[in-house]
Structure formats: C-alpha cells, structure tokens
Amino acid sequence: GAGVSQSPSNKVTEKGKDVELRCDPISGHTALYWYRQRLGQGLEFLIYFQGNSAPDKSGLPSDRFSAERTGESVSTLTIQRTQQEDSAVYLCASSLASGFAGQYFGPGTRLTVT
Amino acid sequence: GENVEQHPSTLSVQEGDSAVIKCTYSDSASNYFPWYKQELGKGPQLIIDIRSNVGEKKDQRIAVTLNKTAKHFSLHITETQPEDSAVYFCAARRGMKTSYDKVIFGPGTSLSVIP
C-alpha cells in the first residue's frame, strides 16, 4: 500500500521567507511526528500529533515553527522568517496508536535557506 | 531527561562478516525498542523491533537482543552484504497500548560493508 508521502521533496528559499511543508500519513495511522535531520546528524524531534489530543510541541526550536494536522490526515509544518540554520531535511512519520507500533517515515523534504 | 546512547558511531566490516551495534537507554520504563535503517537520501525504515518481555528476536540475517537489567540492547547483522551499508538508528519508547510516549533515538551508526 501507499506509504508516507511528503512534499515538496526539495525546497530552496531565501532567508526571511516563510515555507510550508506537507505530510500525508499512512491511512489509519492516528499518530504523526515531525523530525528535523541536519546533514550527517541524528533525528531531532519537533512535534507529535495523536488523534484529537493536544499535540506535543516540546521539540519545536522556536516560535517561528508551527504545525497543524487536519483530523487524522494531512499535516503541514510551517517555518516563518526562515534562517540559514533551518536548512535540513524535515522528516514526517506516522504510526498506529499503539505504543508498541513502529514509525513509518516519509522520504523527507530537503530545505535549503540561502 | 531520557537518553539513548549508541556505539560505535562508525563501523566498517568486510562483506560476509558480522556487524554488531550496541545501545543503552536511561529510562527504565522503556519497553519497546525499534531499529531503523536509513539509506542515503531516504527516510529511516523500520527493520526490526523488540518488546521488553522478549530477550531476543531474529528475522533472517538480523537479530536484536535485549538486556533489561543492564538497559542494553543490540543489533546483530550476520553475513553482511554491500546493501547493508547505511546509517542505523536504535530507539527506546515507553510503549503502552492506549497511550503514547516520545520515542528517543540514538545518534546513529554509519555501517560500511566493504566488498
């Protein structure tokens, strides 16, 4: 079946501009996560959505970052007034609600801020 | 806070040899331990996982072992092949049937299999 999809795959933007990244999770997966991965580095947790519960925003690095999710489907991550240090791959993952369920990752969006 | 350490950070093996990656976790409440493989330019892919009520799990050439007392878990890859070359991430989570807790990832191990 279809996996997690993300768009765009690549985004180049000028410093100071806003960007919006999209994630389409696997159908039926109620949990959705966003991570940031800088070049050659590990996974940095950003935000988590689970059903109708309040999202866990504890990983968002600044108030320039925000995310929304429509029901149990698509999610968008928005970065306002982008800075060069925002350049990274942004990964989305989804999973079933069970705490024993593994996460399924999308291919990521590579963001470059010039 | 919770932490997962992973060693080694880089690992090179000859094709056909075995590779072992070790992780330790700090949160004694963790009871679900997945492993992910990330190939260049792709998102991480779940390759195997283990729950805390199991000491070992195998799937073809890969196996994971867990020592709850020592809070250690390891990934074992036997008969390595060039296509096993990737970055591997371990993770720990307080898996519960009806609730969620954050997944804590290790920093990753870059595995190179030399033909």
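J.: Can you break down the state of the cysteines residue by residue, with the values?
T.: Inspection of the entire model under this criterion finds 2 disulfides over all chains. C23 of chain A shares a disulfide with C92 of chain A; S-S distance 1.9 Å. Taking the sign of the S-S torsion, about -65 degrees here, the bridge from C23 of chain A to C92 of chain A comes out left-handed. Of this pair, C23 of chain A sits in strand β3 (residues 19-24) while C92 of chain A sits in strand β8 (residues 88-95), and the two are 69 residues apart along the sequence. Overall, the relative accessible area of 0% leaves C23 of chain A in the buried class. Residue C92 of chain A is classed as buried on the basis of its relative accessible area of 0%. One disulfide bridge connects C23 of chain B with C90 of chain B, the sulfur atoms lying 2.0 Å from each other. Taking the torsion about the sulfur-sulfur bond, which here is approximately -100 degrees, the covalent link between C23 of chain B and C90 of chain B counts as left-handed. In this pair, C23 of chain B is assigned in strand β3 (residues 19-25) and C90 of chain B in strand β9 (residues 86-92), connecting sequence segments 67 residues apart. The burial state of C23 of chain B is the same as that of C90 of chain B; both residues are buried.

J.: Would you mind going over the interface of chain B and chain A in detail, with residue names and values included?
T.: Each side of the interface is counted separately: chain B has 22 residues, and chain A has 22 residues. Here chain B packs against chain A, burying approximately 1,700 Å² in sum over the two surfaces, 58% of which is carbon and sulfur. Here chain B is connected to chain A by 0 salt bridges. For the pair chain B and chain A, the interface holds 5 residue pairs in polar contact (both at pLDDT 80 or more).

Cut-off values and rules
- Residues numbered from 1 in each chain as written.
- Chains lettered and ligands numbered in written order.
- Predicted model: local features only at pLDDT ≥ 70, side-chain atom pairs only at ≥ 80, totals over all residues.
- Heavy atoms only, no water.
- Disulfide = S-S within 2.5 Å.
- Helix = DSSP H or I, 4+ residues; strand = E, 2+ residues; numbered from the N terminus.
- Buried < 20%, exposed > 50% of the residue type's maximum accessible area, 1.4 Å probe, protein only.
- Contact = heavy atoms within 4.5 Å.
- Buried area = accessible area lost by both parts, 1.4 Å probe.
- Salt bridge = Lys/Arg side-chain N within 4 Å of Asp/Glu carboxyl O.
- Polar contact = N/O pair within 3.5 Å; in protein donor to acceptor, adjacent residues only side chain to side chain.

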